[in-house]
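# A look at the structure
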Amino acid sequence: MAGTHDEETTPPPGRVTGDLQSFAVALRRTHGEMSRLVHGFALAQGLHPTDVQALGIILDSPQPLTPGRLREQLGLTSGAVTACLDRLEKAGHIRRSRESTDRRVVHVRYVESARAVARQYFFPLAEATSRALERFDDRELATALRFLSALNDELAAVRTPER
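Now for a description of the structure that goes with this document. (Residues numbered from 1 in each chain as written. Predicted model: local features only at pLDDT ≥ 70, side-chain atom pairs only at ≥ 80, totals over all residues. Heavy atoms only, no water.)

## A word on the overall build of the protein chain
Our working definition: Runs of H or I in DSSP of at least four residues are treated as helices and runs of E of at least two as strands, each being numbered from the N terminus. Contacts are assigned to residue pairs that have any heavy atoms within 4.5 Å of one another. Under the convention used here, a 1.4 Å probe and the Shrake-Rupley method define accessible areas, while residue burial counts only the protein chains that appear.
A count of helices and strands for the protein chain gives 7 helices and 2 strands. Reading the protein chain from its N end, one meets helices and strands in the order α-α-α-α-α-β-β-α-α. Taking contacts inside the protein chain between residues at least 6 apart in sequence as the whole, the part at least 24 apart equals 44%. As displayed, the protein chain offers around 11,700 Å² of accessible surface, 57% of which is attributable to carbon and sulfur atoms.

Given below as structure tokens:
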């Protein structure tokens, strides 16, 4: 899993590149590699991998995130999200603040110093991504990004059982 070679990502002769199985294998491998890195960060920070997943959601949220929205995105119970946020706050990764206009609303924010810790840990991931990006032209990258965006939209629409 550690190394990446062009021959590992090229479909075997006779396989169609649009073949669903080929995409499934490649996506599982990507997921596995990302999980390995996330688990390493979680271990280094004394966190659970779900906590790191929550940090990613908090980081990527285009608007202030509430515990309820985080619960929906993680697919966890409200108690599990509260425990996750407690661990993240205790570890210094996030802070919770009450909305000034409505004291019932709590927003979760990533602490800037914790972002620096994450950036440092995940810097090799950024470098690996840059190296991979260099192998493709802008048109190919636009197509790949369009595919990943469409796949994420489709996956987001798949309903899972409520907790």
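Still more ground to cover, so stick around.
## Topic: the packing of aromatic side chains
For the record, the criterion: Ring pairs are drawn from Phe, Tyr and Trp, using the six-membered ring of Trp, whenever the two centres fall within 6.5 Å, and their geometry is named by plane angle: stacked under 30 degrees, edge-to-face over 60, tilted for the rest. With a 1.4 Å probe rolled over the protein chains alone, any residue whose accessible area is under 20% of its type maximum counts as buried; one over 50% counts as exposed, and the rest are partly exposed.
In the structure shown here, the tally under the stated rule is 4 aromatic pairs. Seen from their ring centres, Phe23 and Phe147 are 5.2 Å apart, and the 40° between their planes marks the pair as tilted. Here Phe23, found in helix 2 (residues 20–45), pairs with Phe147, found in helix 7 (residues 138–157); they are 124 residues apart in sequence, far enough to count as distant. According to the relative accessible area criterion, Phe23 is partly exposed, its value standing at 32%. Ring geometry for Phe41 versus Phe122: centroids 5.1 Å apart, planes at 40°, classification tilted. Residue Phe41 is found in helix 2, and its partner Phe122 is found in helix 6 (residues 112–133); the two are separated by 81 residues along the sequence. Each member of the pair Phe41 and Phe122 is classed as buried.

## Things to note about the side chain of Ser61
To keep it simple, the criterion reads: Polar contacts here mean pairs of N or O atoms no more than 3.5 Å apart (in protein, one a potential hydrogen donor and the other a potential acceptor; neighbouring residues in sequence count only if both atoms are side-chain atoms).
By secondary structure assignment, the location of Ser61 is in the loop between helix 3 (49–60) and helix 4 (67–74). A distance of 3.2 Å separates a polar atom in the side chain of Ser61 from a polar atom in the side chain of Arg69.

## Observations regarding the pattern of salt bridges
Here is the rule: The term salt bridge refers to a side-chain nitrogen of Lys or Arg lying within 4 Å of a carboxyl oxygen of Asp or Glu.
The final tally for this structure, using the stated rule, is 6 salt bridges. Among the ionic pairs, Arg96 bridges to Asp86, the shortest N-O distance being 2.5 Å. Here the residue Arg96 occupies a position in strand 1 (residues 94–98), and Asp86 occupies one in helix 5 (residues 78–90), the gap between them amounting to 10 residues. Of the residues examined, Arg96 reaches a relative accessible area of 26% and is grouped as partly exposed. Between Glu89 and Arg96 there is a salt bridge; the shortest N-O distance is 2.9 Å. Owing to a relative accessible area of 33%, Glu89 belongs among the partly exposed residues under this scheme.

## Points about the nonpolar core
To be explicit about the condition: Joining through side-chain atoms within 4.5 Å is the link that ties buried Ala, Val, Leu, Ile, Met, Phe, Trp, Tyr and Cys residues into a set, and such a set is a nonpolar core.
Leu55, Ile58, Leu70, Leu74, Leu85, Leu88 and Ile94 are the most contacted members of the largest nonpolar core, which totals 22 residues. Those elements that provide at least two residues to this core are helix 2, helix 3, helix 4, helix 5, strand 2 (106–110) and helix 6. Sorting elements by how many residues they give to this core places helix 3 first, with 5 residues. Ile94 has contacts with Leu55, Ile58, Leu85, Leu88, Glu89, Val108, Arg109, Tyr110 and Val111, leaving out every residue within four places of it along the chain.

## Notes on the pairing of strand 2
What counts, and what does not: Strands were regarded as paired on the criterion that DSSP finds at least two bridges between them.
The buried fraction of strand 2 amounts to 4 of the 5 residues, a majority that puts the element mostly inside the structure. Of the pairings in the sheet, the one linking strand 1 to strand 2 comprises 5 bridges and is antiparallel in character. Residue pairing in the sheet places Arg98 in a bridge with Val106 of strand 2.

## Topic: the packing of helix 2 against helix 3
The test is simple: As a rule, the C-alpha atoms of each element are fitted with a line to give its axis, helices using only the stretch in contact, and angles between N-to-C directions run from 0 to 180 degrees. Should an angle lie under 35 degrees it is considered roughly parallel, over 145 roughly antiparallel, and from 65 to 115 roughly perpendicular; all remaining angles are considered oblique. Only Asp, Glu, Lys and Arg are considered charged in this grouping, and only Ala, Val, Leu, Ile, Met, Phe, Trp, Tyr, Cys and Pro are considered nonpolar; every other residue, Gly among them, is considered polar.
The contact between helix 2 and helix 3 brings their axes to 8 Å, and the two run at 105°. When the interaxial angle is binned, helix 2 and helix 3 end up roughly perpendicular. Counted together, Val38, His39, Phe41 and Ala42 of helix 2 and Pro49, Val52 and Leu55 of helix 3 form the full contact between these two elements. Partitioning the contact of helix 2 with helix 3 into residue classes produces 6 nonpolar, 1 polar and no charged.

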